[in-house]
Amino acid sequence: MPVKSLQSIVESTIFSYTTSGRSFEVKGGNVADILNKLQYTLQRNRVVPELRLAARHEKKGYKRRRLSSERWRKRFAHEVRKKVQLVNKIRARGA
């Protein structure tokens, strides 16, 4: 069996430079800031609660009720935000 050089092994191997999941480039060895950025991204994307829910099976009815409740809370919060903006706009006019 002929001995392959490292170069030929590297060339024959298919490398995928795309990453699956979340990745951040560390510049200047500033790992703490990158970890904070990663933590913020995971929190914003609700990854941890989703993993916690995926750890155990959730019955279909419970899941449907939970998702419905989450959608309602999101809609309600959006409407409250819009009302607060409207009130602030009215107050800014001097009423």
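The model shown is predicted, which means the values in this text are computed figures rather than measured ones.

Student: Looking at this structure, how should I read the packing of aromatic side chains?
Tutor: In the structure shown here, the tally under the stated rule is 1 aromatic pair. Between the aromatic rings of tryptophan 72 and phenylalanine 76, the centroid separation amounts to 6.2 Å while the plane-to-plane angle is 35°, which identifies the pairing as tilted. Of the two residues, tryptophan 72 and phenylalanine 76 are both situated in helix α4 (residues 60-93); the distance of 4 residues between them amounts to about one turn of the helix.

Student: Explain the pattern of salt bridges to me, please; I cannot follow it from the model alone.
Tutor: Oppositely charged side chains can pair when the atoms bearing their charge come close. Per the stated rule, a full pass over the model turns up 3 salt bridges. Across the pair arginine 66 and glutamate 58 runs a salt bridge, and its minimum N-O distance is 2.9 Å. Judged by its relative accessible area of 21%, glutamate 58 is partly exposed. Residue lysine 82 pairs with glutamate 79 through a salt bridge whose shortest N-O separation is 3.8 Å. With a gap of 3 residues between them, lysine 82 and glutamate 79 both fall in helix α4, about one helical turn apart. Residue classification places glutamate 79 among the partly exposed positions, given a relative accessible area of 40%. When salt bridges with common partners are traced through the structure, they connect Glu58, Arg66 and Glu70 into a single cluster.

Student: Can you help me understand the layout of surface pockets in this one?
Tutor: In this approach, a probe sized like a water molecule rolls over the atoms, and the result shows the empty space that is left. When its volume is computed, the largest pocket comes out at roughly 180 Å³. Arg46, Pro49, Glu50, Leu53, Ala54, Arg56, His57, Glu58, Lys63, Arg66 and Glu70 together form the lining of the largest pocket. Among the secondary structure elements, those contributing two or more residues to the lining of the largest pocket are α3 (47-54) and α4. The dominant element in the lining of the largest pocket, judged by the number of residues it contributes, is α3, at 4 residues.

Student: What is the right way to read the confidence of the model for the protein from this model?
Tutor: Any segment with low pLDDT has predicted coordinates that should not be analysed in fine detail. When pLDDT is averaged along the protein, the result is 85, and 78% of the positions lie at 70 or above. Taking the mean pLDDT of every element in the protein, the minimum, 59, falls on helix α1 (residues 6-12) and the maximum, 96, on α4.

Student: What am I meant to see in unusual backbone geometry here?
Tutor: A negative phi holds for most residues other than glycine; trans holds for most peptide bonds. In this structure, arginine 46 takes a positive phi of about 55° despite not being glycine. Along the chain, the position of arginine 46 falls in the loop between α2 (31-44) and α3.

The rules behind these values
Residues numbered from 1 in each chain as written. Predicted model: local features only at pLDDT ≥ 70, side-chain atom pairs only at ≥ 80, totals over all residues. Heavy atoms only, no water. Phe/Tyr/Trp six-rings, centres within 6.5 Å; stacked < 30°, edge-to-face > 60°. Helix = DSSP H or I, 4+ residues; strand = E, 2+ residues; numbered from the N terminus. Salt bridge = Lys/Arg side-chain N within 4 Å of Asp/Glu carboxyl O. Buried < 20%, exposed > 50% of the residue type's maximum accessible area, 1.4 Å probe, protein only. 1 Å grid on protein atoms, 1.4 Å probe; cavity = no way out; pocket = protein on both sides within 12 Å on 5 of 7 lines; lining within 4 Å. Points joined across faces, edges and corners; volume = space filled by probe spheres on them. pLDDT = per-residue confidence, 0-100.

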